Amino acid sequence: MKDQGRSTRKRTGGRLRPFRNKKRYQLGRQPAETTVGEPRFQTVDSRGNETKTRALATNVAHVAVDGETVEADIENVVDNPSNTNYARRNIVTKGAILDTSEGRARVTSRPGQSGQVNAVLVDE
């Protein structure tokens, strides 16, 4: 379990002692690391009476072209500013530059949170 709680150190460097146990809403999860390939999804419980759909793998992106949205095939990940290693491993995150059937596109959605890849065309 990844803890999303407060720091264990004060601003001055001194130690903060815990005053309670960890709560369920402080639970963090491993990143989805959406890859390019045959579509695979996972449903995860989230806070409240809600669920999140994580895209574990996908091969389509909804690309905005001149005010219209077109479903384009993802060929591969060209660049990923969040992590250079992600581009080599074809991992799609927000901000990643994709090669699609419509041209190069930048991802605007968070596939690990929303379960879909939305993108806009990038001028080359």
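As shown above, the structure is provided for reference.
Anyway, here's the lowdown on the structure attached to this text. (Residues numbered from 1 in each chain as written. Predicted model: local features only at pLDDT ≥ 70, side-chain atom pairs only at ≥ 80, totals over all residues. Heavy atoms only, no water.)

1. So, the side chain of S109
So, point 1. Within the secondary structure, S109 sits in the loop between β10 (103–107) and α2 (111–114).
So, point 2. In terms of polar contacts, S109 uses its side chain to reach the backbone amide nitrogen of N118, at 2.9 Å.
So, point 3. Excluding its chain neighbours within four sequence positions, the residues that come into contact with S109 are K94, S114, Q116, V117 and N118. (Helix = DSSP H or I, 4+ residues; strand = E, 2+ residues; numbered from the N terminus. Polar contact = N/O pair within 3.5 Å; in protein donor to acceptor, adjacent residues only side chain to side chain. Contact = heavy atoms within 4.5 Å.)

2. Description of the pattern of salt bridges
So, point 1. Applying the stated criterion across every chain yields a total of two salt bridges.
So, point 2. R104 is the salt-bridge partner of D99, the closest N and O atoms lying 3.6 Å from each other.
So, point 3. Overall, D99 belongs to the partly exposed group, its relative accessible area being 23%.
So, point 4. When its relative accessible area of 31% is taken as the criterion, R104 is described as partly exposed. (Salt bridge = Lys/Arg side-chain N within 4 Å of Asp/Glu carboxyl O. Buried < 20%, exposed > 50% of the residue type's maximum accessible area, 1.4 Å probe, protein only.)

3. Details of the pairing of strand β4 (residues 40–46)
So, point 1. For β4 and strand β5 (residues 50–58), the ladder comprises seven bridges, and the chain directions are antiparallel. For T43, the partnering residue across the bridge sits in β5 and is T53.
So, point 2. Linking β4 back to β5 in an antiparallel pair, the connection comprises three residues, with G48 at a positive phi of about 80°. (Pairing = 2+ DSSP bridges.)

4. Here's the deal with the sheet that holds strand β6 (residues 60–65)
So, point 1. Strand order around the closed barrel formed by five strands is β6-β7-β9-β10-β11, with mixed pairing between neighbours. Each strand of the sheet is rotated relative to its neighbour by a mean of 50°, with strand direction disregarded.
So, point 2. Across six bridges, β6 lies against strand β7 (residues 68–79) in antiparallel orientation. Residue pairing across strands places V60 opposite D73, the latter belonging to β7. (Axes fitted to C-alpha atoms, helices over the stretch in contact; angles between N-to-C directions.)

5. Some remarks on the nonpolar core
So, point 1. If you look at the biggest cluster of nonpolar residues, it comprises 14 residues, and the most contacted ones within it are V63, V77, V92, L98, V107 and V117.
So, point 2. Of all the secondary-structure elements, those providing two or more residues to this core are β6, β7 and β10.
So, point 3. In contact with V117, not counting residues within four places along its chain, are T58, V60, A61, H62, I74, V92, L98, V107, S109 and P111. (Core = buried A, V, L, I, M, F, W, Y, C linked by side-chain atoms within 4.5 Å.)

6. So, the pairing of β5
So, point 1. Inspection of the sheet shows strand β3 (residues 34–36) paired to β5 by two bridges, in the parallel sense. By the bridge assignment, T35 is partnered in β5 with A57.

7. Re the environment of S46
So, point 1. With respect to the helices, strands and loops of the structure, S46 is situated in strand β4.
So, point 2. Each C-alpha atom, one on S46 and one on V63, is 27 Å from the other, the two residues being 17 residues apart in sequence.

8. Details of the environment of A105
So, point 1. Relative to the elements of secondary structure, A105 occurs in strand β10.
So, point 2. By relative accessible area, which is 0% here, A105 ends up buried.
So, point 3. Sequence spacing of A105 and I74 is 31 residues, and the spatial spacing of their C-alpha atoms is 9.5 Å.

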